[in-house]
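Close look at the chain arrangement
Spelled out, the chains give:
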Amino acid sequence: MQITGFCVPLRPKSHEQDRLAECFNIRYSNKSCNIYPVLTKGFAARMQNHLESNVIRRVMVGTDRSETADQAVHWAAGFADRYDAELFVVQVVVPQYPSATEFGEAEQTRAAADNNDLAHFARQVAGDRGHARVVIDADPALAIVRAAEQEAVDVLVVGNFGMAGRKEFLLGNIPNRISHSAHCTVIIVNTAHSTDEHASHSVRAHLSKGDTPPFEPPLVARATHIAAVMAKHGLTELFGQSNEPDMSIRCQRAKRLRAALEELGPIFSKLGQVLSTRPDLLPVEYIEELALLQSRVPPMTESEVVRVSEQELGVPWEDVFKSIDPKPLAAGTIAQVHRATLESGDRVVVKVQRPTARADIEQDLALLEVFAEKVGKRPALNQVIDMEAVFKHLSTSLHRELDFRQEADNIGRMQAVLADYDRLAVPRVHRDLSTSRLLVMEEIQGIPIKQAPAGPERIQAARQLLESYYKQIIVDGFFHADPHPGNLMWWKDCIYFLDFGMVGEVGADLREHLLLMLMALWQEDAGFLTDVTLMMTSAVNSSDLDVARFQSEIGEVMAKYRTASLAEMQIGPLLQEMSAVSLRHGVPLPASLTLATKALAQVQLATAELDPALDPYDVAGKYLMRLMVKRMGNALNPKTFVYQSQKLKVRVLRVVEAVENLVGVRPGGPKLVVNFRANSLEDIVRHTGQRLALGLTAAASVLASGFTATSTVVAEWVPITFGVVSGLLILGLVIDLLRGR
């Protein structure tokens, strides 16, 4: 059996306790001194040496006569025997009826009988040094503490399992309540380990008899269920037919897909929610429908929250938290959030991952991977969904959300991004208490931003919120990707960002293009805006794109929003419509930009509520001007100027060397050789020359035959010979022409 905790009282504190605290690095609180590490052998040895150096005469152990509690009794008996100490075994009976009633008197009679049984048990384990005491009390923890004080015991032993503890969420833990209240040394022993071993032995013994428990491969069962749900909602046609031109039919299919995902459970609902942020992967009808998905998940049980928290903390929760609110603030697919108070008094929120979250997500992702490999190459399906891109995006997003350390890093990174804005903030993370499955953050005790009190602070916060998104996207390339009103809170005259599970990143090249795009919007230059958009999509030289029509639609969208009222003048929705135009023309914008435009649209709705008179184009224009001036100032910095000039020098030299190599003027370098080949043209020229020569020769032969035939000085055979030759040449030319056809 393993010791899992060691507690020394605060009152009365002595020099001996100070030395013990220094030795074991024990902290003192205003209630008592307590620590519950999983003890290493070295720690246990130091504790044992300390106990052996002090006189231990009386040892008490609490029990409720359960199997695990009796194991603690046996451990305490061995401990007492080592020091020849008296052993007091105490049992607390919780009354069910008032003592003055008939049923209450019956309980007292049963308690007396239990005392006799307990005394017999104490003598069995400790001999004549064993004593028993049964107490009737509604509070077992305090009853054991009072019994220890009355018997003046030196060491109090309790087990950490099976003592009717934790019946109430995070409140009824008897061992730790005892350690907080007792004025003597408290040892908490781990009885759960031996119980698990016993259970495993029982299972092995049972299986050895030849009984095999039923087993069903989880992936096969899950795949069968998914296929049945898909067939039930008629989604097989989605994978077998071409893209349907009728909008109403596509909307119906999208609704059926949403219904199927909801029926398949919270994991698939989460998958749909992630996909709803990617209009470049799914048609707009599916994006709009998937955005309505809700993860209807039951809250985690209280024991699950406790188990995960203590697994991650490595100590009982009471060592870290003074209290935890049993009612969850939110229950999601991956985690659940509770309010809590630290021992220091700081109010925090605790995000606890579901025990089966990773296994469930890995299982469904494995099935999706198989599905993508089997049907992802079908042309009909590819007209609707890019399965390879879908699976890659889902896998990356969900694995990122499963690691809460990444969310903590996101919060720290955003804090640096918002350092220049005094009206924007993020919660403080308690990194020493946070792990991959547990996140402890400062509680933002504010109100929704739409309820923020009117005043200059609200106006300043609205402008800073909008401007900060231009900075996040264009300058830093890192932005909060889900700034809906529920993730923005007003507290201490500031806007606090919440929930950093979903963030976006924009590459350097794309940020430069986006900067040019916003400047084109500011100057209402539809032509340049079209050029920048095509550069972003790498479709500048696309031969099948109707550039004139594309530019016309982009200009219509820009004019629509530029002439709108201040309340309707929003750059985010404008960029979303531009993204839709690009999709219609087969040149979708990059995925990171589509996520950024959605986030910008959400934040502009929030700023419109805070300050309806805020002009987003004015905010964007002034910020862009400051940004360009700042960049020009950085370019004029002597260090930057020297660096850029040296970099330019290297690049110019490389260009000169490349040109010299190309034209072959560098000694020993390769020579420029240009070969022009046109095989079909060469054949045509050659055949035409041959036919022309045959024709000219035949014509000359005919003329020669005529001239010689009229001559009186030429022999008769000469014109005959020229006539025969001309005839043969003409015949050959005719045959060649016929073969060429």
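Overview of the overall build of the protein chain
Per the secondary structure count, the protein chain includes 26 helices and 17 strands. By residue count, 44% of the 741 residues in the protein chain fall in the buried class. Of the contacts made within the protein chain by residues no fewer than 6 positions apart, 70% connect residues no fewer than 24 positions apart. Taken as a whole, the protein chain presents about 39,100 Å² of accessible surface, with 56% of it coming from carbon and sulfur.

Notes on the environment of Leu-313
Summarising the element assignment, Leu-313 is placed in helix α12 (residues 302–313). Residue classification places Leu-313 among the buried residues on the basis of a relative accessible area of 18%. Through-space distance from the C-alpha of Leu-313 to that of Asp-432 is 9.4 Å; in sequence the pair is 119 residues apart. For Leu-313, the contacting residues outside a window of four places in its chain are Val-320, Phe-321, Leu-433 and Leu-438.

A few points about the packing of aromatic side chains
Applying the stated criterion across every chain, the model contains four aromatic pairs. Here Tyr-469 and Phe-497 contribute two aromatic rings whose centre-to-centre distance is 6.3 Å and whose plane-to-plane angle is 35°, an arrangement assigned as tilted. Taken together, the residues span a long stretch of sequence, with Tyr-469 in helix α17 (residues 456–476) and Phe-497 in strand β16 (residues 494–497) at a distance of 28 residues. For the pair Tyr-469 and Phe-497, a shared accessibility class is recorded, and that class is buried.

Here's the deal with the sheet that holds strand β11 (residues 424–425)
An order of β11-β16-β15-β13 is seen for the four strands of this open sheet, with the pairing classed as mixed. Edge positions in the sheet fall to β11 and β13 (447–448), since each has one partner strand and no second. Of the pairings in the sheet, the one linking β13 to strand β15 (residues 488–491) comprises two bridges and is antiparallel in character. By the bridge assignment for β15, Pro-448 is matched with Met-489.

A few points about α12
Look at α12: 16 Å from first C-alpha to last across twelve residues, which is about the 16 Å you get at 1.5 Å a residue. Listed as buried for α12 are Val-305, Val-306, Val-308, Ser-309, Glu-310 and Leu-313.

So, a nonpolar patch on the surface
Together, Val-702, Ile-730, Val-734 and Leu-738 make up an exposed nonpolar region whose accessible area comes to about 340 Å². For the nonpolar patch, the element with the most residues is helix α26 (residues 717–740), which contributes three residues. By secondary structure assignment, the location of Val-734 is in helix α26.

Overview of the packing of helix α16 (residues 404–417) against α17
At a closest axis distance of 11 Å, the pairing of α16 and α17 adopts a crossing angle of 100°. One finds that α16 runs roughly perpendicular with respect to α17. Along its contact with α16, which presents Arg-413, Met-414 and Val-417, the element α17 presents Lys-471, Gln-472 and Asp-476. Within the contact of α16 with α17, the residues separate by chemical class into two nonpolar, one polar and three charged.

Some remarks on the pairing of strand β3 (residues 86–93)
Taken across its eight residues, β3 has six buried, putting it largely inside the fold. Bridge count for strand β2 (residues 58–63) against β3 is six bridges, and the pairing is parallel. Residue pairing for β3: Met-60 is matched across the bridge by Phe-88. Once you follow β2 into helix α3 (residues 67–82) and on to β3, the crossover reads as right-handed. For β3 and strand β4 (residues 130–136), the ladder comprises seven bridges, and the chain directions are parallel. Among the inter-strand pairings, Val-93 is bridged to a residue of β4, identified as Ile-136. After leaving β3, the chain enters helix α4 (residues 102–126) and then returns to the sheet as β4, a path that is right-handed.

Structural notes on the pattern of salt bridges
Inspection of every chain in the model, using the stated rule, returns 17 salt bridges. Salt-bridge contacts for Glu-443 lead to Arg-339; the nearest nitrogen and oxygen are separated by 2.8 Å. A residue pair is termed long-range when its members are at least 10 positions apart, and Glu-443 in the loop between β12 (438–442) and β13 and Arg-339 in strand β9 (residues 335–342) qualify at 104 residues. The class for Arg-339 is partly exposed, based on a relative accessible area of 35%. Asp-403 is the partner of Arg-405 in a salt bridge, and the nearest nitrogen-oxygen pair spans 3.0 Å. Arg-405 gets classed as partly exposed once you look at its relative accessible area, which sits at 47%. Its relative accessible area of 15% is what places Asp-403 among the buried residues.

Quick notes on the UniProt feature "transmembrane region" (unreviewed entry) in the protein chain
The residues that UniProt annotates with the feature "transmembrane region" (unreviewed entry) are residues 717–738. Summarising residues 717–738: 100% helix, 0% strand, and an end-to-end C-alpha distance of 32 Å.

Topic: helix α9 (residues 247–263)
Across its 17 residues, α9 extends 25 Å between first and last C-alpha, which sits within 8% of the 24 Å expected from 1.5 Å per residue. Among the residues of α9, those classed as buried are Arg-250, Arg-253, Ala-254, Leu-257, Ala-260 and Leu-261. Angular distribution of buried residues about the axis of α9 spans 125°; they occupy a single face of the element. Gly-265 sits one or two residues past α9 and shows a positive phi near 110°.

Re the confidence of the model for the protein chain
The predicted model of the protein chain averages 75 in pLDDT, with 71% of residues at 70 or higher. Here residues 1–43 is modelled with pLDDT under 50, and outside its nearest four sequence neighbours on either side it reaches 108 contacts, counting other chains as well.

Re the nonpolar core
Core analysis: the biggest nonpolar cluster contains 98 residues, and Leu-465, Tyr-470, Phe-479, Ile-495 and Phe-497 have the highest contact counts within it. Judged by nonpolar contacts, the second largest core, of 24 residues, contains Leu-118, Phe-121, Ala-126 and Val-189.

Topic: the environment of Ser-579
Here Ser-579 shows up in helix α21 (residues 571–584). Counting along the chain gives 25 residues from Ser-579 to Ile-554, while the straight-line C-alpha distance between them is 9.8 Å. When near neighbours in sequence (up to four residues on either side) are disregarded, Ser-579 contacts Leu-589 and Thr-594.

What counts and what doesn't
- Residues numbered from 1 in each chain as written.
- Predicted model: local features only at pLDDT ≥ 70, side-chain atom pairs only at ≥ 80, totals over all residues.
- Heavy atoms only, no water.
- Helix = DSSP H or I, 4+ residues; strand = E, 2+ residues; numbered from the N terminus.
- Buried < 20%, exposed > 50% of the residue type's maximum accessible area, 1.4 Å probe, protein only.
- Contact = heavy atoms within 4.5 Å.
- Areas by Shrake-Rupley, 256 points an atom, 1.4 Å probe, with all protein chains shown as cover.
- Phe/Tyr/Trp six-rings, centres within 6.5 Å; stacked < 30°, edge-to-face > 60°.
- Pairing = 2+ DSSP bridges.
- Expected span 1.5 Å × (residues − 1).
- Patch = residues over 30% accessible without salt bridge, like charges linked within 9 Å, V, L, I, M, F, W, Y side chains within 5 Å.
- Salt bridge = Lys/Arg side-chain N within 4 Å of Asp/Glu carboxyl O.
- Axes fitted to C-alpha atoms, helices over the stretch in contact; angles between N-to-C directions.
- Parallel < 35°, antiparallel > 145°, perpendicular 65-115°, else oblique.
- Nonpolar A, V, L, I, M, F, W, Y, C, P; charged D, E, K, R; others polar.
- Right-handed = clockwise from strand over helix to strand, strands pointing away.
- UniProt positions renumbered as here; feature names shortened; annotations may be inferred.
- Arc of directions from axis to C-beta.
- pLDDT = per-residue confidence, 0-100.
- Core = buried A, V, L, I, M, F, W, Y, C linked by side-chain atoms within 4.5 Å.

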